[in-house]
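Commentary on secondary and tertiary structure
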Amino acid sequence: DHPLLLSGSFTVGPLQCVSEPARGGGGGDGLEGRARVRHQQPLFEVRMHRIAPPVPDLAPADGDCYRVDVLGDPQRAVAPGQAFVLYQGEVCVGA
């Protein structure tokens, strides 16, 4: 595995929430949970921070973008266009 294929952080477009996410500690715009970027990939711990304004080429103006920090081993080959799914506990919060 080449080191350039490993990501300790990456950016995702607007989250389409299917349930209301619990915000991270401190009362800010952060989210914490577990995530995956590939089908049946093991879940990994993340902390997300809202980026304002939205990243122009990544998301429409009507949604927030997030910087995702991986809280553990970097993830291999995270690429634009992949699905990002966030879980809090056993609940799928959104994608």
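Heads up: the structure comes first, above all this text.
What counts, and where the lines are drawn
Residues numbered from 1 in each chain as written. Predicted model: local features only at pLDDT ≥ 70, side-chain atom pairs only at ≥ 80, totals over all residues. Heavy atoms only, no water. Helix = DSSP H or I, 4+ residues; strand = E, 2+ residues; numbered from the N terminus. Buried < 20%, exposed > 50% of the residue type's maximum accessible area, 1.4 Å probe, protein only. Areas by Shrake-Rupley, 256 points an atom, 1.4 Å probe, with all protein chains shown as cover. Contact = heavy atoms within 4.5 Å. Polar contact = N/O pair within 3.5 Å; in protein donor to acceptor, adjacent residues only side chain to side chain.

Side note on the overall build of the chain
A count of helices and strands for the chain gives zero helices and eight strands. Along its sequence from the N terminus, the chain presents helices and strands in the succession β-β-β-β-β-β-β-β. Taken over 95 residues, the chain has a buried fraction of 34%. In the structure as shown, the chain presents an accessible area of about 5,900 Å², 53% of it carried by carbon and sulfur atoms.

Some details on the environment of Arg 38
Inspection of the secondary structure puts Arg 38 in the loop between strand E3 (31-36) and strand E4 (44-51). A relative accessible area of 29% means that Arg 38 is categorised as partly exposed. Taking the C-alpha atoms as reference points, Arg 38 and Val 85, 47 residues apart in sequence, are found 8.8 Å from one another. Once you skip the residues sitting within four places of it in the chain, Arg 38 turns out to touch Arg 76, Ala 77, Val 78 and Gln 82. Within the structure, Arg 38 has its side chain in polar contact with the backbone oxygen of Ala 77 (distance 3.1 Å).

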